[in-house]
Amino acid sequence: MTAAQEWIHICNLDDLVADSGICALVGERQVALFYIPEKGQVFAIDNFDPIGQANVLSRGLVGSNEDCLFVASPLYKERYCLETGECLDNESLVLDTWQTRLEGERLLLNPQPFNRVALQEAG
Amino acid sequence: MNKTRLVVVGNGMVGHQFLQSLADSGQLGEFEVTVFCEEPRLAYDRVYLSSYFSGSTAEDLAMGKIEQYREWGLNVLINEKVVEINKDDHLVVSDKGTTLSYDKLVMATGSYPFVPPVPGHDREHCLVYRTIEDLEAIKSSAAQGKVGVVVGGGLLGLEAAKALCDLGLETHVVEFAPRLMAVQLDDMGGALLRSKIEALGVKVHTSKNTQQIVDGENCVHRMEFADGEVLETDLILFSAGIRPRDQLARESGLAVGERGGIVINNQCQTSDADIYAIGECALWDGRIFGLVAPGYTMAKVTVAQLTGGDAEFAGADMSTKLKLMGVDVCSIGDAQGRTPGAKNYTWLNEGDGTYKKLVVSPDNKILLGAILVGDAEAYGTLLQYMLNEIQLPEFPEALILPSRNDDAQTGLGVAALPETAQICSCHDVSKGDIRQAVSGGCCSVGDVKGATKAGTGCGGCVPLLTSLVNHELEELGVEVSHDICEHFPYTRQDLYNLVRVEEIKSFDELMQKHGKGGKGCHICKPAVGSILASCWNNYVLNPKEVKLQDTNDTFLANMQKDGTYSIVPRIGGGEITPDKLIVLGQVAKEYNLYTKITGGQRVDLFGARLEQLPDIWRKLIDAGFETGHAYGKSLRTVKSCVGSTWCRYGVDDSVGLAIELENRYKGLRSPHKIKFAVSGCTRECAEAQGKDIGVIATENGWNLYVCGNGGMKPRHADLFATDLDKETLIKYIDRVLMFYIKTADRLQRTSVWMENLEGGLKYLQEVVINDSLGLGAELEAQMAHVVETYECEWKTTVNDEEALKRFRQFVNSDKPDSNVVFVQERGQIRPARAEEKAEPIVMVG
Ligand code: SRM
Ligand SMILES: Cc1cc2nc3c(=O)[nH]c(=O)nc-3n(C[C@H](O)[C@H](O)[C@H](O)COP(=O)(O)OP(=O)(O)OC[C@H]3O[C@@H](n4cnc5c(N)ncnc54)[C@H](O)[C@@H]3O)c2cc1C
Ligand code: SF4
Ligand code: FES
């Protein structure tokens, strides 16, 4: 497990838009960040849309399907689960996700992609 | 066993149905079939022939497909006509010299249009309306003239008149009888129909007996009538009835009727037992049936006879339901009340232009016939009463009188119909067949149509079919859901009314009060966002609503395939000053944007990065531009032609009006995008009849067209009102648009909305022109609010620090998106393809 001190400060709470997305550059990776106030949580997934082949997911629309929070790609509308990165419309697609943490006003992110689906499968 | 050699003469609608039924019977293998098709193409849908003028192609109309016929193993001879039948030797001979022997012969030769033998009937530009070739001739003739006359005010004549109107001709209908649709209607119905058709600009002349056609003074022809009057016209279209094509039968010695028609018995056999006749060429019990449904029944009877069945033809119902030039007209059974002792019940409402009549048996128990003009709602119910001899209610008039209170349920519930009730007459589908289809797994009207063909002919039975299918589904416990999505148990219309009535101002409030919880989704969020904007016209980027918008609305620009955006400033009416054009060029150069003239008469700048949008817009706004809402479900453009200011033909200032309309309705959020156009004269260079709202200048004002569409399924706009002054024009547009916003489904263009609107054009005219729902003032006030509260969203945005925060590629870096790469093409940029991105040298600034 990655040590806590390696987490990086991305931005502050008032840079985020409630129930919607913004994007951060983490090394070479583009990370889409979605702030969901009632969960008190920020979800981080890959900004790259594998179907549209463009960096746009942070600009998609947030919604829910039963218990799953998702973002719908602004290009061709595939929905991706904010928690797991899984595509609800195409089983074969799973996006990288990252862990985030709010410390007061500060949003911290673990730059190591944290792929829940892969972890589960690995056992 | 040898195969039966079967020859089919004629491949029209009925000839095709015969082949289809034979194939469906599964016994095609017993036959060796040869089809003679005189026309240069296989069977097509004559019933929908007129749609050829509104964009359908010969392919769209095609019924017989050559691949299908080959698969069935038919021998098809196109463009080949049978000229001789030798019934003693069982031979047929064609005009191309083919000689074939047959065991059984089926004649499906149809009919031809009757042209009264008045002197001059054979002049050039005297035409008929039966085949695709006829329509092509009409089209080219109409292009050369201004005035058209249809001779014959029957069913087909009125349809032909509509076609001439659509072709832009000043249209007249000349009828020999004292009323229109003399066969199907009575005097009162005919008179009402006449007034409605005249209101649409068609001139009707009844009791006119044409004596001769000679050279005209101002037009090509001059028609001279027995009463001494004359009429000048460039084109004459004869639609004075049909005559069966029985010449071949006559020459071959088959029995024909005194007034034409190949005589057949109940088995559809002619006087020669090996020869059958079906469709419009056949005479049964002294009657010719000029509709497809009876012909289809004959086709099925003949197939049964040929394959060992015992079905017989027992006559057919000639009831008709039509929408003539937007006017509903229905005629059922003994509409004229010829049955001795029959009683009439009539209802005439000159206020809303409806006429209804019942013809009832002497004992008041059974419906014999009916007429409906202007309101066809009762057609399905009345037809069922008549066909199934269902006992009438105690006071039959209740069936046609308008119900003034809600509990007065007079319509015949579908549950009351007997199992044998025929729902679709075109394809002879009964209630029992439909119930079977539903219990067999069909879950929607579409499924049932596919499984039974019901509703796929003339379409007249679709409302009844729909209520039956929904009824059956509900009986089976299947919920028929009209909910917008999983988050709201409501339709878009319901949500709109909730928002309006309860003055709901945000998505969260609506979710809390009426939703099922959750975050909403890509279906309900933009729909609710649009409703809130239509009702309250709030700035779309206010923090409460920003999360509702699709990306295009969020960033006030259209996202392109590579994640960059396009910029479309408003260029009202397509008019732009040189200075503004220069600014567009300068901005495009400065930011290296791809420039293109759009299909909507404006300029689109492509390839702007998210973070560049505010700077670019600041420059455009400083130069006097506003947002063009190319991203919104809202007014797009009002296209214009140059109009009377410059054009030698223009009769009014189309550009001026277009700009005024564009400025009035810009920013109006609606269920889908809205496009307008204004033309300066009937040449229609702005293509207004392809727009949601189209306006065309006339000598006396403006003609208003509504609910046209280009795009995937083009629809010709309907003429809504004529010769309006500007004030009335704007009032009508206000009302039409607000009523659309109030009642349409999400992402439903006005064209589809109109197609689904119960009562159609007429209903909309009632609501808007006659204010039948008493909504007029309210709709206008709602529009006035939107007009008054308009703001340019980009102007607001560039001055709003909070909103600008979102226009950053990265919250924590100023770097651009490295995946956005352009290459040069034809002197401008375009997005690099994947393989080009791998080559760093091609990158452009
Ligand atoms: C830019 C333009 C093409 C061009 O280079 O000329 C265009 C571009 C797009 N059209 Fe269009 N349409 C453009 C004129 C038209 C026209 C012609 C017209 O308006 O006279 C039509 C047919 C007329 C009509 O709508 O009735 C047209 C029928 C469509 C349709 C089909 C609509 C339908 O009812 O079938 C769509 C799809 C949709 O809206 O669902 C569409 C959708 C689109 C979208 C939004 C597709 C998308 O999601 O990316 C395109 C984005 C525009 C952008 O990025 O700026 N576009 N589109 C034209 C912009 C006109 C303008 O100045 O605003
Ligand atoms: C504009 C229009 C609108 C209509 N609207 C309606 C409507 O709303 N509802 C309705 O029920 N009906 C309507 N009708 C009538 C309907 O089209 C006819 O009832 C139907 O087409 C009859 O089919 P049929 O096969 O008997 O004749 P047709 O469709 O005319 O087919 C006969 C075919 O046989 C060919 N033929 C003739 N002689 C020979 C020969 N010797 N050798 C080879 N081929 C030959 C002809 O060229 C023709 O192609 C409409 C008709 C028109 C023209
Ligand atoms: S529609 Fe008429 S006025 Fe307008 S440009 Fe064309 S010809 Fe001229
Ligand atoms: S009655 Fe014509 S389609 Fe059903």
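In this text the structure is predicted, and so the values were computed from the model without any measurement.

Calculation rules
- Residues numbered from 1 in each chain as written.
- Chains lettered and ligands numbered in written order.
- Predicted model: local features only at pLDDT ≥ 70, side-chain atom pairs only at ≥ 80, totals over all residues.
- Heavy atoms only, no water.
- Helix = DSSP H or I, 4+ residues; strand = E, 2+ residues; numbered from the N terminus.
- Buried < 20%, exposed > 50% of the residue type's maximum accessible area, 1.4 Å probe, protein only.
- Contact = heavy atoms within 4.5 Å.
- Areas by Shrake-Rupley, 256 points an atom, 1.4 Å probe, with all protein chains shown as cover.
- Axes fitted to C-alpha atoms, helices over the stretch in contact; angles between N-to-C directions.
- Parallel < 35°, antiparallel > 145°, perpendicular 65-115°, else oblique.
- Left-handed = near helix turned anticlockwise from the far one by under 90°.
- Nonpolar A, V, L, I, M, F, W, Y, C, P; charged D, E, K, R; others polar.
- Pairing = 2+ DSSP bridges.
- pLDDT = per-residue confidence, 0-100.

> A description of the overall build of chain A should follow, citing residues and the corresponding values.
Helices and strands together make up the secondary structure of chain A, namely one helix and twelve strands. In sequence order, the secondary structure elements of chain A are arranged as β-β-β-β-β-β-β-β-β-β-β-β-α. Each of the 123 residues in chain A was classed as buried or not, and the buried ones make up 56%. At a minimum sequence separation of 6, the contacts of chain A that also span at least 24 residues come to 40%. Within the structure as shown, chain A displays about 5600 Å² of accessible surface, and the carbon and sulfur contribution to it stands at 45%.

> I'd love a proper account of the packing of helix 10 (residues 431-439) of chain B against helix 12 (residues 462-475) of chain B, names of residues and values included.
Residues and elements named next belong to chain B. Contact pair helix 10 / helix 12: the axes reach a minimum separation of 10 Å and the direction vectors enclose 45°. The pairing of helix 10 with helix 12 is recorded here as oblique in orientation. Classified by chirality, the crossing of helix 12 by helix 10 is right-handed. Taken together, the residues of helix 12 that come into contact with helix 10 (itself represented by Lys-431, Ile-434, Arg-435 and Val-438) are Leu-465, Leu-468, Val-469, Glu-472 and Leu-473. Its residues placed into classes, the contact of helix 10 with helix 12 shows six nonpolar, no polar and three charged.

> Explain the sheet that holds strand 6 (residues 99-101) of chain B to me, using residue names and the numbers behind them.
Residue and element names in this part refer to chain B. Pairing is antiparallel across the open sheet formed by three strands, whose spatial order is 4-5-6. Looking along the sheet, the strands with just one partner apiece sit at the ends: strand 4 (82-86) and strand 6. The sheet shows a mean angle of 20° between the axes of neighbouring strands, direction not considered. Here four bridges tie strand 4 to strand 5 (residues 91-94), and the two strands are oriented antiparallel to one another. In the sheet register, Val-82 faces strand 5, and the bridge partner there is Ser-94.

> Just give me the short version of helix 13 (residues 492-501) of chain B, but keep the residues and values in it.
All names here are of chain B. Within the sequence span of helix 13, burial applies to Arg-492, Leu-495, Tyr-496, Leu-498, Val-499 and Arg-500. Contacts from the buried residues of helix 13 go to helix 14 (507-514), helix 15 (524-536), helix 20 (726-743) and helix 23 (776-788). Of the residues one or two after helix 13, Glu-503 is the one with positive phi, at around 50°.

> So what about the sheet that holds strand 2 (residues 21-26) of chain A? Which residues, and what values?
Residues and elements named next belong to chain A. With respect to topology, four strands assemble into an open sheet ordered 2-3-4-10, the strand pairing being antiparallel. Because the sheet does not close on itself, it has two edges, and the strands there are strand 2 and strand 10 (97-98). Where strand 3 (residues 29-36) meets strand 4 (residues 41-46), six bridges bridge the pair, whose relative direction is antiparallel. Across the sheet, Val-31 pairs through a bridge with Asp-46, a residue of strand 4.

> Summarise the confidence of the model for chain A; cite the residues concerned and give the values.
Mean pLDDT over chain A: 88, with 89% of residues reaching 70 or higher. Here residues 1-5 of chain A scores under 50 on pLDDT; set against residues more than four positions off or in separate chains, the count is four contacts.

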